[in-house]
Amino acid sequence: MEQVAVQSSDLLEQLISKVRSYNPQADAGLIRRAYEYSARMHGEQKRMSGEPYVTHPLNVALIIADFKLDLPSIITGLLHDVVEDTHASLAEVQAHFGPEVARLVDGVTKVSKITFLSREEKQAENFRKMIIAMAHDIRVVLIKLADRLHNMRTLHHLPRDRQEEISRETLEIYAPIAHRLGIYWLKSELEDAAFRYLNSAAYATLKAYVAKTRAERESYICDVIDILSRRLAEAGVKAEVTGRPKHFYSIHTKMQEERLNFDEIYDLVAFRIIVGTVRECYEALGVVHANWKPIPGRFKDYIALPKANMYQSLHTTVIGPRGQRMEVQIRTREMHEVAEHGIAAHWSYKEGGAELRDTQRFAWLRRLIEWQQNLKDPQEFLSTVKDDLFPEEVFVFTPKGDLLDFPQGATVIDFAYRIHSQVGHHLAGARVNGRMVPLRYQLKSGDTVEVITSERQTPGKDWANFVVTARAKSRIRQWLRQQQAERSREMGVALLDRELTPTGLTVAQLKSKNRFEPALKEFSQRDTDSLLAAVGYGIVTPAQLLAKILTPEELKLYRAEKASSAGPADKERTSRDGRAGNGNAVLVSGIGDMLVRFARCCNPLPGEAITGFITRGHGVTVHLAGCPVALATDPQRRVPVAWKAGEETLRPIELEVLCVDQPGLLAAMTKAIASAGVNISTAEVKTTGQNGRALSHFELRVSSARQLNNLMHTIAAIDGVMRVSRLGLNHNHN
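For the structure given in this document, a descriptive report is provided here.

A few words on the environment of Phe-466. Summarising the element assignment, Phe-466 is placed in the loop between β13 (449-453) and α21 (470-500). We classify Phe-466 as partly exposed; its relative accessible area is 22%. For the pair Phe-466 and Tyr-441, spaced 25 residues apart in sequence, the C-alpha to C-alpha distance is 8.8 Å. Setting aside chain neighbours within four positions, we find Phe-466 in contact with Thr-411, Ile-413, Asp-414 and Arg-440.

This is the structure in structure tokens:
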């Protein structure tokens, strides 16, 4: 116990020394008080390793000191678990250490409660909360990253299932955030630690291979450093040259992406040249390219075009000594600080404390709030932010010379929406570097983009497939939803006007007299236009609405006309399953709970391609996609329909079986149907009177096209069966 106390004391002194190295005015007494409070609150709590729990917050604070964060962040590191894991309250923390520390502890506590590996919707909403916390005060997530790093360093003490769970979360969430914040050493360590537990066999094999070639690699590093240092000195460039092996996870990822074996991975080493000025960066690049042949397409200038997280460096890959590829990074000392510490390198220390400089320069952080405001669907938000965590930026110019950054794969449509929503909505064409390009053209770094707009141009349905930025996706979908609502409103007006003909009334007349108002609450609609759109969608039928708003005399005229016009001409029947919200697995335009009926002419089954069209007064009728009756309908009345995933609905179908007229065959067929789990509504057998054949007719209820096809194959295999047909379709099994 005494040894543990000495160890904690040593860690505490190490922490104070490290903080004082970059912040000489730091209050060592406050750090000691925070440690003592944390030790007292955690008391006899132990980690899975058996160590006192307080060693964890001490190590977290040491990592935060590696980030060179301010004193409130260090104090928060020491206290980050006291509210969650002990009887300490937030009010007590504030009383002892002030409101700023209390806010940070509260933020870290909330982020710590987020569980990412739950149901997808919950995961998405939790991730949204984390991103909002990050945008509000970036220190919260930096502290959480430090907490996660120490947990990964001590993960071997946990059970296997927890190791994998935490590692997957680290690889999918925390490592990308560290990357986006520019803290590359942290990103690499998190990835390697997660890789070790998620793919232990690959990790062990790679580690053994790297160890096997260690002597050769170290010799190679020394040779290259010696050559580079001499050549740079000869050119009058004062530089520090270092070499380091690449991280295991990055090597593994490259092997997977490029399908390489160990002996095919050449650039296992990255070299770094640190110089005094920007001018010397380019001079050093000239020395590198003068001595070794550069590989085309592998040069990136992040000095002239910094990444969104302010990372700056020159990257090039050349064919180095012994014919091996090697990556070289060239940067100034200041750029190196930013590369090592990322966003944390932008802290400045003043008499009044520390603050984050140039926060407005971090465009990515500004976009977080915009996404969270515009993307109301948590899953869409999660997908968008995850996609943006790991992009390779593309930098393009406006005609005025302004520089804009986009994720890789962005198109001119993304560019237009970045300028303004209205520019995007009316984008008609674009010139890139003076030449006309298609709208789906993917932007490349250095492009100068000029957009052409037209008031007559509006977004196409496929535009959302050609954009990658959150802004463009949300604006396009919003516009399409508005247009869909307008078309549905117009359809609703047309359907109602037709139904109102016998009464001599029109929608315009009823609307002008506020006749629709009493029905709004009844059908849960916010205004008359929404109600009319609901009629157009098929959510509310004209008959349902008119029954609520017409006078008894008007209803009498309407119903008399309906009675006289109904008859055998209506070849469609309403599904026995009723409304979509009552067991029917069909979504109309992506929306459930609509009045749906199935066409009798083709009787579609779940799993088959379907189409729908709005039927006068009867919601949406669903047909098979290739049904001739459906193809003959008015295209303006067609709506997209789809089977709802995960729901099964029994649908009626009719089978006709031509077979040999022999005893026991009907019993064999009904046994096969029952064995397939299919319900028989009716079964009938008739002899044809020709060649000893019989015709069996079955009315069945099946759950899917697959179930029906399997059943038809089974019946067709029965000895004596000659043909199985689904009535209404050319689906025969001989």
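An order of β15-β17-β16-β18 is seen for the 4 strands of this open sheet, with the pairing classed as mixed. If you trace the sheet from one side to the other, it starts and ends with β15 (596-598) and β18 (638-639), each paired once. Two elements, β15 and strand β17 (residues 620-624), share 3 bridges in a ladder whose sense is parallel. Note on β17: the bridge partner recorded for Val-596 is Val-620.

So, about the sheet that holds β13. One key point about sheets: their strands pair by backbone hydrogen bonds, in either a parallel or an antiparallel sense. Pairing is antiparallel in the open sheet, where 3 strands are placed in the order β12-β11-β13. Pairing within the sheet leaves two strands with one partner each, and these edge strands are β12 (435-437) and β13. Within the sheet, the average angular offset between the axes of one strand and its neighbour, ignoring direction, is 35°. Note: strand β11 (residues 427-432) against β13, 5 bridges, orientation antiparallel.

It is worth spelling out helix α11 (residues 184-198) at this point. Here α11 spans 21 Å end to end across 15 residues, near enough to the 21 Å set by a 1.5 Å rise per residue. For α11, the tally of buried residues reaches 11 of 15 residues, placing the bulk of the element in the interior.

So, on to unusual backbone geometry. Backbone geometry follows two general trends: most residues other than glycine have a negative phi, and most peptide bonds adopt the trans configuration. Even without a glycine there, the phi angle at Asn-433 is positive, about 55°. Positive phi, close to 55°, is recorded for Asn-514, a residue that is not glycine. Secondary-structure assignment places Asn-514 in the loop between α22 (507-512) and α23 (517-522). Given the relative accessible area of 49%, Asn-514 is considered partly exposed.

Time to look at the pattern of salt bridges. In this structure the tally under the stated criterion is 20 salt bridges. In this structure, Asp-70 and Arg-139 form a salt bridge, with 2.7 Å as the shortest nitrogen-oxygen distance. Highlighted residues: Asp-70 in the loop between α3 (55-66) and α4 (71-79) and Arg-139 in helix α9 (residues 138-153), separated in sequence by 69 residues. For the pair Asp-70 and Arg-139, one class covers both residues: buried. Linking Asp-226 and Arg-230 is a salt bridge whose minimum nitrogen-to-oxygen distance equals 3.3 Å. Linking Asp-226 with Arg-230, this pair stays in helix α13 (residues 214-234), spanning 4 residues, or about one helical turn. For Asp-226, a relative accessible area of 42% puts it in the partly exposed group. On the basis of relative accessible area, Arg-230 is assigned to the partly exposed category, the value being 38%. Each member of the salt-bridge network shares a partner with another, and the members are Asp-70, Glu-100 and Arg-139.

Two faces belong to every sheet, and in a regular strand the side chains alternate between them. Of all the 6 residues making up strand β5 (residues 314-319), 5 are buried; the element is thus mostly covered by neighbouring parts of the structure. When strand β3 (residues 293-294) meets β5, the two strands line up antiparallel, connected through 2 bridges. Following the sheet pairing, Lys-293 is matched in β5 by Ile-319. In the sheet, strand β4 (residues 300-301) pairs with β5 via 2 bridges, with the strands oriented antiparallel. Following the sheet pairing, Asp-301 is matched in β5 by Leu-314. As paired strands, β5 and strand β6 (residues 325-332) are joined by 6 bridges and run antiparallel to one another. Of the residues in β6, the one forming a bridge with Thr-317 is Glu-327. Joining the antiparallel neighbours β5 and β6 is a turn of 5 residues, in which Arg-322 adopts a positive phi near 65°.

Cut-offs used in this document
- Residues numbered from 1 in each chain as written.
- Predicted model: local features only at pLDDT ≥ 70, side-chain atom pairs only at ≥ 80, totals over all residues.
- Heavy atoms only, no water.
- Helix = DSSP H or I, 4+ residues; strand = E, 2+ residues; numbered from the N terminus.
- Buried < 20%, exposed > 50% of the residue type's maximum accessible area, 1.4 Å probe, protein only.
- Contact = heavy atoms within 4.5 Å.
- Pairing = 2+ DSSP bridges.
- Axes fitted to C-alpha atoms, helices over the stretch in contact; angles between N-to-C directions.
- Expected span 1.5 Å × (residues − 1).
- Salt bridge = Lys/Arg side-chain N within 4 Å of Asp/Glu carboxyl O.

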